[in-house]
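# Structure assessment
The residues making up each chain are set out below.
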Amino acid sequence: MTKTLVIAEKPSVAQDIVRALTPVAGKFDKHDDHFESDGYVVTSAVGHLVEIQAPEQYDVKRGKWSFAHLPVIPPHFDLKPVDKTKSRLNAVVKQAKRKDVTALVNACDAGREGELIFRLIEQYAGGAKPLGKPIKRLWLQSMTPQAIRDGFDRLRSEQQMQGLADAARSRSEADWLVGINGTRAMTAFNSRDGGFFLTTVGRVQTPTLSVVVEREEQIRKFVSRDYWEIRGLFDAQAGQYPGKYFDPAFKKASAPLLPNGEPDPEQRADRVWNARDAQAIAEAVRGQPATVTEESKPTTQASGLLFDLTSLQREANSRFGFSAKTTLALAQSLYERHKALTYPRTDSRALPEDYLPVVKDTMKMLATSGMKHLAPFAKQAIDGGYVKPSKRVFDNAKVSDHFAIIPTLQAPSGLSDAEQKLYDFVVRRFLSVFFPSAEFQVTTRISTVETQGKKYAFRSDGKVLVKPGWMAIYGKEAEGEDDEKEGGKRLVPVQPGETVQVASAEAKGLRTRPPARYSEATLLGAMEGAGKLIDDEELREAMQEKGLGTPATRAAIIEGLLNEKYMLREGRELIPTAKAFQLMTLLRGLGVEELSKAELTGEWEYKLAQMEKGALSRDAFMREIAQMTEHIVKKAKEYDRDTVPGDYATLAAPCPNCGGVVKENYRRYTCTGPKGSGDGACGFSFTKSPAGRTFEIAEAEALVRDKHIGPLEGFRSKAGWPFVAEIRLAFSEDDKNWKLEFDFGDDAKDPAETGEIVDFSGQAKLGNCPKCGAGVFEFGSNYICAHSVPTAEQPQPTCDFKTGKVILQQPVDEAQVKKLLAEGKTDLLDKFVSMRTRRSFKAFLAWNKDEGKVTFEFEPRDSKFPPRKGGAFAAKKAAPAKKAAAAKKAPATKTAAIKTPRKAAAGTGLKPSAALAAVIGDTPVLRTEATKKLWDYIKAKGLQDPKDKRSIQADAALQAVFGKSSATMFELAGILGKHLA
């Protein structure tokens, strides 16, 4: 019997499909990686299982990123499994290749990425030749059982989806071409002077960085100005109220312009620009009567819409300080692990129109959930009939491939504090969208003083919460709560025709402030709304619902910019680094600014939308992308000037060689002579980016002033590996000038080897050495035991305890070392960077007595799998007596036990040849035992080449085995095979 394979994008969707099909397709049996009935096999991916890569002959390995290998424009793309999900891919492919599976249904999410996920899996499953099985498309916006059954009744054909599939592949390949070639071209350009200066660019990350850099440029160029506000206090019969002076005749359009002719954004009706005029107004109105006009009207305020991922990330950052990455991780955990929230990676803030019954059931769950702070509001919504059809909440037109984030029907338990905060946050928003609007009474009062033929107007605003509506869910109550954030407050009443008195009036001096730096919340908002700033109407329309990146990728884009040191996170602010400014200068100078503009995404979205409709061919679009790629590489390759034009700094610190002016250019800081004109320059200069790390201006100032700085992190070797070092300026007698050098601390001249006496008498002891009990002190780039170096008290070192001040880019301060020495472990440190994966990780530094050194200790993780019998988790739960017994048997350290090769049983094994027997003996052996014996012989005789340990130089006995004078370790297995029978 033939079957149809249904491939969903996520396991939860596969389960929903099975539940919906069971009434019409019969019972499904559950297997490890799929469900199966008489007519269907249902399985799922877990997002992207396959990614594109250049064919081997077009791939350029790191370390060979030069213009000679660019541009890389392969005629086609190969596929490779995503490492983390290989097992899931194999499971899906196994089902797709079954002989009884004769048709496929693409049930991945209804959008471009869902189409791409399925198409790449199907292509990979086919291998060298197409899979050749007919494909249908399930297109769902709602996940109710009836909506799923209806979707199966009207499956779309493969031909209907071809435009979307072409657009999906084209977007993926275009991003690869521009990202890979752009990154390699900019890296090659910046590495011309030597080293490896990784300079990443991308269609989304670079315009995002540009937004942050442009804001920082505005902040740096901002000139703060003084202004004054006149604040009055008025006596009325019912009490006092405040008011602020303003000019009723003020119009923004007619306000004074800046010297460059641009409108002055700082002009306001309530600002006075000199102290004399401000004081004159205050003195003129003080003690004078005022007439009052007032307008009071009711207003309403609806709750915010349901959350999509970006709005959830923005508001969680503002409310809790969570990073976008943290919010996504928490939401993903609430979705995957706790089944408490719906799918979080969504850009929709509405629900499908057939979800009304689901919402009512969710309200019932919340009303009986035991959450005392929220259950009463859910019950109120049920009793009041608040849940009803509304286009604001239920609208198919506003639902893309996913709907808004809402709580599921499952009440969670065992949440962490952070998970609970986020869950409550989503539940409150879910409840509030169904509650009535909040009602306010808003009052605008104008108090006018007329004196000496002049009129002075003061404005007072009041805002009183009359009915809290949805705000009650957030703890707001009527009459008692003034909404200070809205700038409103309750005003004392003034009777009609009443004259009030100016009790006091003061001119308050203030200064204009530059625009605020971006936080993750505001940057996410800027990414989401990037299309609104595009001038071209068609491109703006194409980006209307897109922005820069997708909800699922924006957090990763921001984290990527932080990891590549384009930005720093200080508190909640994101601050671009010198490396970011250098990149923007480079793109402008090379004439490839399109890489930093949101218009590029707008143009792509416009053309991809045309492709989806069949109005543009995939070949035509990819030809344009190839031309753009070639243009970017050509601009970088052919740029032949010494520097790149830009807005560069002049250092305050004088040249250490001649006292001249040191100025920045694109690549270096250079002495420009006593007057800064270049005349009389002494030749002093140093690179801005040693080992791929760009100096901040303040760091360059400190280096020139102090001739030493660090330790600094973020350097990269020529092979691209990160390292930490200090930098110093050293005087060269040969050149009679100062040169920049890396300083790796005093370890290069180890006192234990030189015999130089070290004096710790002027230092405070940090603690006792865990090895020998002597004092531990700071020394060079390490913290060391006093007995590990020669001292006056003990000239001969007897200990070797040492731990670094910076470990894998994580600074370790004295407080942490004191804790390590006193308690055996530091606090949890979160800025280690793996040398292998280059990813940051968290760990404790702990003294490992068994290994005799400081090692990493990681936080225990909750496992979703039961412990294996006899495993580590089982050992923790063992009875005390068993623990003691196990402790005796347990190895002293975590180091894996060395496996002894299995020996041949008597009368079995392989017989060595006469030549081999002369080396390992003539006893029959297994192949592994023979290998071990051969290596023992090689090491005992010292036959490994000291310059190349992989090469073995044969003595007389081995020459008979090898048949030549030398062999490599990789040849040994083949050689042994010829001598064992």
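So, how was this worked out
- Each chain has its residues counted from 1, running along the sequence as written.
- Predicted model: local features are reported for residues with pLDDT of at least 70 only, side-chain atom pairs are reported and counted for 80 or more only, and whole-chain, interface and lining totals are derived from all residues.
- Heavy atoms from the whole structure form the basis of all side-chain values; hydrogens and water molecules are not counted.
- Only runs of H or I of at least four residues qualify as helices and only runs of E of at least two qualify as strands under DSSP, and these elements are numbered from the N terminus.
- Exposed residues in this analysis have more than 50% of their type's maximum accessible area, buried residues have under 20%, and partly exposed residues fall in between, with area computed by a 1.4 Å probe over protein chains only.
- Any two residues whose heavy atoms approach within 4.5 Å are treated as being in contact.
- Only the protein chains shown count as cover for residues, with accessible areas throughout obtained via the Shrake-Rupley method and a probe of 1.4 Å.
- Every angle, taken between N-to-C directions, lies between 0 and 180 degrees, and every axis is a line fitted to C-alpha atoms, over only the stretch in contact when it is a helix.
- For this classification, under 35 degrees means roughly parallel, over 145 means roughly antiparallel, 65 to 115 means roughly perpendicular, and everything else is oblique.
- Residues are sorted three ways: Asp, Glu, Lys and Arg are charged, Ala, Val, Leu, Ile, Met, Phe, Trp, Tyr, Cys and Pro are nonpolar, and all the rest, Gly among them, are polar.
- Whenever a nitrogen or oxygen atom comes within 3.5 Å of another N or O atom, the pair is scored as a polar contact, on the condition that within protein one atom can donate a hydrogen and the other can accept it, and that pairs from neighbouring residues in sequence are kept only if both atoms are in side chains.
- Scored from 0 to 100, pLDDT records how confident the predictor is in each individual residue.
- Note on definitions: the grid is 1 Å and covers protein atoms alone; a cavity is a set of points where a 1.4 Å probe fits but cannot get out; a pocket is an open set with protein on both sides within 12 Å along at least five of seven lines; lining residues have an atom within 4 Å of a point.
- Grid points are joined across faces, edges and corners, and a volume is the space filled by probe spheres set on the points.
- For any pair of crossing helices, the crossing counts as left-handed if the nearer helix is rotated counterclockwise from the farther one by less than a right angle, and right-handed if it is rotated clockwise.
- Between any two strands, pairing holds if DSSP finds at least two bridges.
- Whenever Lys or Arg places a side-chain nitrogen within 4 Å of a carboxyl oxygen from Asp or Glu, that contact is recorded as a salt bridge.
- The span you would expect from a helix comes to 1.5 Å times its residue count less one.
- Here, nonpolar core refers to any group of buried Ala, Val, Leu, Ile, Met, Phe, Trp, Tyr and Cys residues whose side-chain atoms link them within 4.5 Å.
- Disulfides are defined in this document as cysteine sulfur pairs within 2.5 Å.
- Any two of the Phe, Tyr and Trp rings considered here, Trp counted by its six-membered ring, make a pair once their centres fall within 6.5 Å; the pair's planes then place it as stacked at under 30 degrees, edge-to-face at over 60, or tilted in between.
- Either the NZ atom of lysine or the CZ atom of arginine qualifies as a charge over a ring when it sits within 6 Å of the ring centre and within 35 degrees of the ring normal.

### Details of the overall build of the protein chain
Along the protein chain, the regular secondary structure elements total 27 helices and 35 strands. By residue count, 46% of the 981 residues in the protein chain fall in the buried class. For the protein chain, long-range pairs separated by at least 24 residues make up 65% of all intrachain contacts whose partners lie at least 6 apart in sequence. Summed over its atoms, the accessible surface of the protein chain is roughly 50,900 Å², and 50% of this surface lies on carbon and sulfur atoms.

### Section: the packing of helix H5 (residues 162-190) against helix H18 (residues 618-638)
Geometry of a packed helix pair, given as the angle between the helix axes and the separation of the axes. Packing of H5 against H18 brings their axes to within 9 Å, and their N-to-C directions diverge by 5 degrees. The pairing of H5 with H18 is recorded here as roughly parallel in orientation. Across the interface between the two elements, Asp 166, Arg 169, Ser 170, Glu 173, Ala 174, Leu 177, Val 178, Asn 181, Gly 182, Ala 185, Met 186 and Phe 189 from H5 touch Arg 618, Phe 621, Met 622, Ile 625, Met 628, Thr 629, Ile 632, Val 633 and Ala 636 from H18. Taken together, the residues of the contact of H5 with H18 sort by class into 13 nonpolar, 4 polar and 4 charged.

### Here we look at the environment of Glu 419
As for its position among the elements, Glu 419 is in helix H12 (residues 417-432). Measuring from C-alpha to C-alpha, the distance between Glu 419 and Leu 330 comes to 5.8 Å, with 89 residues separating the pair along the chain. A polar side-chain atom of Glu 419 sits 2.6 Å from a polar atom in the side chain of Ser 333. Within the local environment of Glu 419, its side chain forms a polar contact with the backbone nitrogen of Ser 416, the two atoms lying 2.9 Å apart.

### Points about the environment of Glu 439
Tracing the chain through its elements places Glu 439 in strand E13 (residues 438-451). According to the relative accessible area criterion, Glu 439 is partly exposed, its value standing at 32%. Glu 439 sits 26 residues away from Leu 465 along the chain, and the two C-alpha atoms are 6.1 Å apart. If we skip the residues at most four places from it in the chain, Glu 439 touches Thr 299, Thr 300, Val 464, Leu 465, Val 466 and Lys 467.

### Observations regarding the confidence of the model for the protein chain
Of the residues in the protein chain, 89% have a pLDDT of 70 or more, and the chain-wide mean is 85. Confidence over residues 479-487 falls short of pLDDT 50; this stretch has 15 contacts with residues more than four positions distant or in other chains. Here residues 863-900 is a poorly scored stretch, pLDDT under 50, and it has 11 contacts once near neighbours within four places are set aside; other chains count.

### Let's talk about empty space enclosed by the protein
In this approach the atoms are scanned with a rolling probe the size of a water molecule, which exposes any empty space left behind. By the definition in use, this model includes 2 cavities of 30 Å³ or more. What the largest cavity holds in volume is close to 40 Å³. Residue lining of the largest cavity: Lys 252, Ala 255, Pro 256, Leu 257, Pro 263 and Asp 264, and that is the complete set.

### Focus: the packing of helix H10 (residues 356-367) against helix H11 (residues 375-383)
Running from N to C, H10 and H11 cross one another at 140 degrees; their axes reach a closest spacing of 7 Å. What the angle tells us is that H10 and H11 run oblique. In the crossing of H10 with H11, the sense of the turn from one axis to the other is left-handed. Counted together, Met 363, Lys 364, Leu 366 and Ala 367 of H10 and Ala 375, Ala 378, Lys 379, Ala 381 and Ile 382 of H11 form the full contact between these two elements.

### Here's the deal with the sheet that holds strand E15 (residues 499-511)
Spatial ordering of the closed barrel is given by E10-E11-E14-E13-E12-E15, a layout of 6 strands whose pairing is antiparallel. The average angle at which neighbouring strand axes cross in this sheet is 35 degrees, direction not considered. Bridging between strand E12 (residues 289-301) and E13 involves 11 bridges; their strand directions are antiparallel. Among the inter-strand pairings, Thr 300 is bridged to a residue of E13, identified as Glu 439. Along the sheet, helix H7 (residues 275-285) makes contact with strand E10 (226-236), strand E11 (239-246), E13, strand E14 (454-467) and E15, crossing E15 at roughly 165 degrees.

### Regarding the pattern of salt bridges
With the rule as written, the count across this model stands at 49 salt bridges. Put simply, Asp 175 and Arg 203 hold a salt bridge, and the shortest N to O gap is 2.6 Å. Note that Asp 175 is positioned in helix H5 and Arg 203 in the loop between H5 and helix H6 (205-221), a separation of 28 residues in sequence. On the basis of relative accessible area, Arg 203 is assigned to the buried category, the value being 11%. Through salt bridges with shared partners, a single ionic network connects Lys 3, Glu 36, Arg 98 and Asp 100.

### What to know about the sheet that holds strand E32 (residues 853-857)
Sheets are built from strands paired through backbone hydrogen bonds, the pairs being either parallel or antiparallel. Here we have 3 strands laid out as an open sheet, ordered E30-E31-E32, and antiparallel in their pairing. Looking at the sheet topology across the chains shown, the edges are occupied by strand E30 (829-833) and E32. Neighbour-to-neighbour, the strand axes of the sheet open up by a mean angle of 60 degrees, direction not taken into account. Taken together, the 5 bridges between strand E31 (residues 840-848) and E32 define a ladder with antiparallel strand orientation. When the sheet's bridge partners are listed, Ala 846 is paired in E32 with Thr 855.

### Considerations on H10
Taking 1.5 Å per residue, 12 residues should reach 16 Å; H10 reaches 17 Å between its end C-alpha atoms and fits that length. Of all the positions in H10, only Leu 356, Val 359, Thr 362, Met 363, Met 365 and Leu 366 are classed as buried. In the core, the buried residues of H10 are packed alongside H11 and H12.

### Description of the nonpolar core
If you look at the biggest cluster of nonpolar residues, it comprises 88 residues, and the most contacted ones within it are Met 186, Leu 209, Met 567 and Phe 621. Sequence-distant contacts of Leu 209, defined by excluding residues within four places in its chain, comprise Leu 561, Tyr 566, Met 567, Ala 580, Leu 583 and Met 584.

### Side note on the pairing of E31
Among the 9 residues of E31, 7 are classified as buried, and the element is accordingly described as predominantly covered. Connecting the antiparallel pair E31 and E32 is a turn made up of 4 residues, with Gly 852 showing a positive phi of about 70 degrees.

### Remarks on the state of the cysteines
One pass over the structure, following the stated rule, counts 0 disulfides. This cysteine, Cys 671, is not joined by any disulfide, and Cys 658 carries the nearest cysteine sulfur, 3.5 Å off. Here Cys 682 is not cross-linked by a disulfide; its sulfur's nearest cysteine counterpart is in Cys 655, at 3.5 Å.

### Here we look at the environment of Ile 727
With respect to the helices and strands, Ile 727 occurs in strand E22 (residues 722-732). On the basis of relative accessible area, Ile 727 is assigned to the buried category, the value being 0%. As a C-alpha pair, Ile 727 and Pro 711 span 16 residues in sequence and 7.4 Å in three-dimensional space. Apart from the residues within four sequence positions on either side, Ile 727 is in contact with Pro 690, Phe 695, Leu 703, Lys 707, His 708, Ile 709, Phe 715, Leu 740, Glu 741 and Phe 742.

### Quick word on the side chain of Thr 601
Its place among the elements puts Thr 601 in helix H17 (residues 599-612). Of the polar contacts made by the side chain of Thr 601, one reaches the side chain of Arg 203; its length is 3.2 Å.

### Brief notes about the side chain of Arg 112
Position of Arg 112 among the secondary structure elements: in helix H3 (residues 112-126). A distance of 3.0 Å separates a polar atom in the side chain of Arg 112 from a polar atom in the side chain of Glu 605.

### Comments concerning the packing of aromatic side chains
Two aromatic rings are characterised by how far apart their centres lie and by the angle between their planes. In this structure the tally under the stated criterion is 32 aromatic pairs. Ring centres of Trp 604 and Phe 621 lie 6.2 Å apart, and the angle between their planes is 80 degrees; this geometry places the pair in the edge-to-face category. Here Trp 604, found in helix H17, pairs with Phe 621, found in helix H18; they are 17 residues apart in sequence, far enough to count as distant. Assigned by exposure class, Trp 604 and Phe 621 land together as buried. With centroids separated by 5.3 Å and ring planes inclined at 25 degrees, the aromatic side chains of Tyr 669 and Phe 686 adopt a geometry described as stacked. Separated by 17 residues along the polypeptide, Tyr 669 in strand E19 (residues 668-671) and Phe 686 in strand E20 (residues 685-687) bring together distant segments of the chain. In this structure Phe 686 comes out as buried when scored by relative accessible area, which is 1%. Aromatic rings pair up to connect Phe 234, Tyr 241, Tyr 245 and Phe 458 into one cluster. Lying over the aromatic face of Phe 440, Lys 463 brings its terminal NZ or CZ to 4.3 Å of the ring centre. The ring of Phe 189 has Arg 667 sitting right over it, with the charged end atom 4.7 Å from the ring centre.

### Notes on unusual backbone geometry
The omega torsion across Leu 70 and Pro 71 is -5 degrees, close enough to zero to call that bond cis. For Pro 71, the location among the structural elements is in the loop between strand E5 (50-53) and strand E6 (78-81). Of note, Lys 339 is a non-glycine position whose phi angle comes to about 55 degrees, a positive value. Here Lys 339 is to be found in the loop between helix H9 (324-336) and H10. The residue Lys 707 is not glycine, and still its phi comes out positive at about 65 degrees. Mapped onto the elements, Lys 707 comes out in the loop between helix H19 (697-706) and strand E21 (708-716).

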